Amino acid sequence: MNKGFTTKPDLSYLGLSGELAQYQLSPEELTDIALDNHEGVLTAAGALAIDTGKFTGRSPKDRYIVKDSVTSETVFWGDINMPMASARFDALLNKMVALLDAKPYYVRDASACADPSQRIGIRVITETAYQNLFAHHLFLRDKQDEVIIIAGEPNFRAKDDWTIIAMPSFEADPKADGTRQANFSVLNFSRKMILIGGTGYTGEIKKGIFSVLNFLLPVKWVLPMHCSANVGEKGDTAIFFGLSGTGKTTLSADPKRRLIGDDEHGWSGDKVFNFEGGCYAKVVDLTPEKEPQIFSAIRPGALLENVSFFPETNVVDYTNVSKTENTRVAYPIDYIEGALLPSIAGAPKNIFFLTCDAFGVLPPISKLDTGQAMFHFLSGYTAKVAGTETGITEPQLTFSACFGKAFLPLNPVQYAALLGEKLENSSINVWLVNTGWSGGGYGKGSRIKLSYTRAMIEAALNGELNDVEYEVNEVFGLRVPLSCNGVPPAILNPKNTWDDGDLYDKKSAELAGAFIRNFNQYKDHSSQAILEAFPKVLHKEGTRA
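Predicted model only: the values in this text are computed from it and were never measured. (Residues numbered from 1 in each chain as written. Predicted model: local features only at pLDDT ≥ 70, side-chain atom pairs only at ≥ 80, totals over all residues. Heavy atoms only, no water.)

Visitor: I'd like a description of the overall build of the chain, backed by residues and values.
Guide: Across its full length, the chain carries 13 helices and 30 strands. Scaling as 2.2 N^0.38, a compact globule of 545 residues should have a C-alpha radius of gyration of about 24 Å, and the chain matches this with 24 Å. Projected onto the principal axes, the alpha-carbon positions of the chain cover approximately 70 × 55 × 45 Å. In the chain, which comprises 545 residues, the proportion classed as buried is 58%. Within the chain, contacts between residues separated by at least 24 positions form 70% of all contacts whose residues are at least 6 apart in sequence. Split by element, the accessible area of the chain, about 22000 Å² in all, is 51% carbon and sulfur. When the 53 basic and 64 acidic side-chain charges of the chain are each reduced to a single mean position, those positions are 3 Å apart. (Helix = DSSP H or I, 4+ residues; strand = E, 2+ residues; numbered from the N terminus. Rg over C-alpha atoms; globule rule 2.2 N^0.38 Å. Buried < 20%, exposed > 50% of the residue type's maximum accessible area, 1.4 Å probe, protein only. Contact = heavy atoms within 4.5 Å. Areas by Shrake-Rupley, 256 points an atom, 1.4 Å probe, with all protein chains shown as cover. Lys, Arg positive; Asp, Glu negative; His and termini not counted. Charge placed at Lys NZ, Arg CZ, Asp CG, Glu CD.)

Quick look at the structure:
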């Protein structure tokens, strides 16, 4: 079988002969091969549905970076960025190549960064067809004839190109290979390679490159961002930061605005650009009413992960989370009607930090100054609620620096400083939006209505909130609007929605103390503007923020 390009790519730099490589296959070819190899099945909508095996999500505790002359003094080493010796990386690579060269595998040349001035080439070598289909969707796709025109030959590799090798069947020997367990993801900035083994979860592929860009771009004064982004008819760009469950994908999917991207972007001097060429959306409880754009994107060519079916059918039951709550679909961005192509727009006019506050303390919307923006960017706060994970019976605080700590090779303070530089002397509005609870915490109050949140974001986007009065939250120092079209004024100040004002004050102080304790790790490296954004309360240690 010889599909895709008839010329084989030159893989000799890896020690691969390339004889069994299937190069630059189309989505249709990859889907057919996946079905022939029993990697998955077709759904009633014509999408390929596969299971990723033991791992249905990323494994951040098994992510390593090779420590060498390039990284030893630049990477922020710790529990997020764990070191691996170059010799161990080389040994893993040799073992993987020896196994890979003995069977058919799949090679794709693609790229990342819609802005041509920031673009990097990516060669993705996968053991399975479905992983290569994922790479086709999530990275930027060059037309097949353009690959030849740009490269001259398919074996061309520019000095800045990266190679990813992903083999679910290959398991490391922790004792010999220096890993925690059999699965791993290792980044090597000197050799420009990523090795992924022991896991079939495709998110490791995309987040590997995101981590690479988080290392490469800040030195070029480009801020890498874990956010969604859209643009209005007047060219006004908005970006939405938020951790899982905060509404990032839902709130950026606006039929009145064009989608730039749903997850990863860069912000250079005067533009925001998508890193990717597709979307990787959660599908738990998906309905055409709640998420029409995502639902309509699930069609032939799309890749569904870890979903279940109604009995005796090939119709997906999106409410079934027996395998995982992290059910996903991958598809090219042009599956979204009205998506912006190429995915580049102007610098943001509005920035939204989304948080699901399960304690009902934070206002549903508030305006931040530059210092507060840097503080909340570094904090990356949300809360997990009961039922979202096994063993969680009460709300649990979660802080993830820059709303993506797991993907940051550098000290998070460096990204916050870059954000601050971009905000300084600008007219950009930064908003903190609570999509969580009001009138009390989880179990007592109620979730803020999506219609209210949409109305507040729309008011911010169209400038209505520039002309209203504000009051200052006494604990967090946040500027809170006193009115907003489509929103009852009573809910704008969260304390007014609680039956017991004293209890609100108590919970507010508890949350403020949690912010302070989390931020202590960055305090010594923070500017005066950030320190002034600390909540103004005494916590139990008696230190004033």
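Visitor: Describe the sheet that holds strand β16 (residues 278–282), naming the residues involved and giving the relevant values.
Guide: In space, the five strands of this open sheet follow the order β2-β3-β17-β20-β16, with mixed pairing throughout. The open sheet has two edge strands with one neighbour each: β2 (40–42) and β16. On average, adjacent strands in this sheet sit at an angle of 20° to one another, irrespective of strand direction. Sheet analysis places β2 next to strand β3 (residues 48–50), joined by three bridges and oriented antiparallel. If you follow Val41 over to β3, its bridge partner there is Ala49. Its contacts with the sheet put helix α1 (residues 27–36) on β2 and β3, and the angle it makes with β2 is roughly 120°. (Pairing = 2+ DSSP bridges. Axes fitted to C-alpha atoms, helices over the stretch in contact; angles between N-to-C directions.)

Visitor: Which residues make up the packing of helix α9 (residues 370–379) against helix α10 (residues 412–423), and what values do they have?
Guide: One can describe the packing of α9 onto α10 by two numbers: an axis separation of 9 Å at closest approach and a directional angle of 150°. In terms of their interaxial angle, α9 and α10 are classed as roughly antiparallel. Crossing handedness for the pair α9 and α10: right-handed. Contact residues: Thr370, Ala373, Met374, Phe377 and Leu378 in α9; Pro412, Val413, Tyr415, Ala416, Ala417, Leu419, Gly420 and Leu423 in α10. (Parallel < 35°, antiparallel > 145°, perpendicular 65-115°, else oblique. Left-handed = near helix turned anticlockwise from the far one by under 90°.)

Visitor: Before we move on, could you go through the packing of aromatic side chains and cite the residues and values that matter?
Guide: Going through the model one piece at a time under the given rule, you end up with 28 aromatic pairs. Arranged with centres 5.1 Å apart and planes meeting at 85°, the rings of Phe519 and Phe534 form a pair that is edge-to-face. Taken together, the residues Phe519 in helix α12 (residues 501–523) and Phe534 in the segment after α13 (528–531) connect sequence positions 15 residues apart. A network of ring pairs unites the aromatic residues Phe375, Tyr381, Phe399, Phe476, Phe515, Phe519, Tyr522 and Phe534 as a single cluster. It is Lys207 that lies over the ring of Phe407; its NZ or CZ is 4.7 Å from the centre. (Phe/Tyr/Trp six-rings, centres within 6.5 Å; stacked < 30°, edge-to-face > 60°. Lys NZ or Arg CZ within 6 Å of the ring centre and 35° of its normal.)

Visitor: For the side chain of Ser308, give the residues involved together with the corresponding values.
Guide: By secondary structure assignment, the location of Ser308 is in strand β18 (residues 308–309). Contacts of Ser308, omitting those with residues within four sequence positions, involve Val315, Val316, Asp317, Asn320, Ser322 and Lys323.

Visitor: So what about the pattern of salt bridges? Which residues, and what values?
Guide: Taken as a whole and judged by the stated rule, the model has 17 salt bridges. Linking Lys256 and Glu458 is a salt bridge whose minimum nitrogen-to-oxygen distance equals 3.2 Å. Of the two residues, Lys256 is situated in the loop between α7 (248–252) and β13 (258–261) and Glu458 in helix α11 (residues 450–461); the sequence distance between them amounts to 202 residues. The structure contains a network of salt bridges with shared partners spanning Lys206, Lys207, Lys248, Asp263, Glu264 and Glu276. (Salt bridge = Lys/Arg side-chain N within 4 Å of Asp/Glu carboxyl O.)

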